[in-house]
Amino acid sequence: MTTRPGSIQEVVDAHLCSGCGTCAFLEPDALRMADVPEAGRRPLPIASINGRVAGAALAACPGARLQHEDGVLDGAPLGGSWGPILALYECWATDPVVRHKGSSGGVISALAAHAVTSGAAVGALQVQARKDAPLENETVLNRSYADIVGAAGSRYSPASPGERLDLVEAAEGRSVVVGKPCDIAATRRAAQLRPSLGEKVGLTIGIFCAGTPTTRGTEEVVRRLGVEPGDVARLDYRGEGWPGRFRLRTRDGRTPSFSYEESWGETLQKHRQWRCMICPDHTSEFADLAVGDPWYRELRDGEPGRSLVVVRTEAGRAALEAALRDGAVAGGPIPLERLPQSQPNLAATRGAVWARVRTMRLAGLPAPEYTGLPSFRLWLRLGWRDKVRSTAGTLRRIKAKRLREPEPRPMQEVA
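These numbers come from a predicted model, not from an experiment.

Participant: Lay out the nonpolar core with the relevant residues and their values.
Facilitator: Ranked by size, the top nonpolar core spans 29 residues in total, and within it Tyr89, Leu111, Val176, Ile205, Val309 and Leu320 carry the most contacts. Those elements giving two or more residues to this core turn out to be β4 (87-93), α5 (107-117), α6 (145-150), β7 (175-179), β8 (201-207), β12 (289-292), β13 (307-311) and α13 (314-325). With eight residues, α5 is the largest single contributor of residues to this core. Ranked by size, the runner-up nonpolar core spans 27 residues in total, among them Cys23, Ala30, Ala57 and Ala367.

Given below as structure tokens:
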């Protein structure tokens, strides 16, 4: 295998798949998404298909490549290291129920709902918990205020919104697409490759992301609470307060919970897939609007949620201004310095990613190609200990995570 994946199958075998599902949308006759509990959502070949899947599916794959177009970062604030930025806001949903339910102020739900209720969009493509399997996710095109805000709340588990871009493409008008950074990057590329999709994507809202834990990670947290996964009737990772607690409701009515630190910090983050560990984009640089937590200050007890909103395109600016004008969200612009202050470790993480990817290539492993996402200069700013760790740690992980072996699959094909 070369150091650049030549097919979707090679992306998966090399542990580079993010599970976005966009390849399955672009090649529905060749691929189906399936949940691999120890890995994540993965595209599996359909039984009747022979050969390797490449073409548009590979061209849109964020596990193979991420690229900012020429000129996008010209004159960008903060040296372009945080992607294109037109403005930075701090906002919250004005509906108190949405604000309380959302992970950090309910802004994503409020923006998506406003786009639909104002007539700017006919629906919002969102991820929500499956009613029949609450540890798993499903992607739906929600068309009403109630359904859109009903899907509020983070889902720190595998999801493949790109798999259901067919719902957007088939809709009678434009839609909002909500997703993680890799989901949005893939959606944007798919929209370029497929004009019938491009004319239906009205607004993309990206979520700040520190990585996707596997289903095994969620199962571990559930068992730490003394509950078997099959006994869970409802699961919320955050929300109902800021940042909110990891909460369960069991089939017999129990409601155990963990703090955000106990769930994410102690367990979930340890189960992130490898592609997340070599990702340079944690703040949805390819979205129209990117939304995350404003961690630049210490939270007061019981403080209602707020969100950072990074305006990355003129389409995003127009959507945010309309929502503010119509009273769907409240807030205002804040200094750009609040972005790196809110995510103080991301610059160092991005520098380490440059070394991790380079180490993979030097070790003869396939690695994603990143173009126009400044990282090397961030690596240069690291202290010498962190520079060594970024290389030596990757070599250790290559062995510990068995990155030279194909990623495990429960099956090689699906019917």
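Participant: So what's going on with the environment of Thr394? Which residues, and what values?
Facilitator: Here Thr394 is to be found in helix α17 (residues 384-400). Expressed as a C-alpha distance, the spacing of Thr394 and Gly63, which sit 331 residues apart in the sequence, is 17 Å. Discounting residues that sit within four places of it in the chain, Thr394 has contacts with Trp274, Arg356, Thr359, Met360 and Arg389.

Participant: Explain the pairing of strand β10 (residues 246-250) to me, and be specific about the residues and the numbers.
Facilitator: Most of β10 sits out of view: four of its five residues are buried. Bridge analysis of strand β9 (residues 232-236) against β10 gives four bridges, and the strand direction is antiparallel. In the sheet register, Arg234 faces β10, and the bridge partner there is Arg249. Judged from the two bridges that link them, β10 and strand β11 (residues 257-258) form a sheet pairing that is antiparallel. When the sheet's bridge partners are listed, Arg247 is paired in β11 with Ser257. In sequence, β10 turns back onto β11 through a hairpin of six residues, with Gly253 there showing a positive phi of about 95 degrees.

Participant: Outline unusual backbone geometry, supporting the account with residue identities and numerical values.
Facilitator: With an omega dihedral of 0 degrees, the bond running from Trp242 to Pro243 counts as a cis peptide bond. On the secondary structure map, Pro243 appears in the loop between β9 and β10. Residue His15 is not a glycine yet carries a positive backbone phi of 65 degrees. Checked against the element boundaries, His15 lands in the loop between α1 (8-13) and α2 (22-26).

Thresholds applied
Residues numbered from 1 in each chain as written. Predicted model: local features only at pLDDT ≥ 70, side-chain atom pairs only at ≥ 80, totals over all residues. Heavy atoms only, no water. Core = buried A, V, L, I, M, F, W, Y, C linked by side-chain atoms within 4.5 Å. Buried < 20%, exposed > 50% of the residue type's maximum accessible area, 1.4 Å probe, protein only. Helix = DSSP H or I, 4+ residues; strand = E, 2+ residues; numbered from the N terminus. Contact = heavy atoms within 4.5 Å. Pairing = 2+ DSSP bridges.

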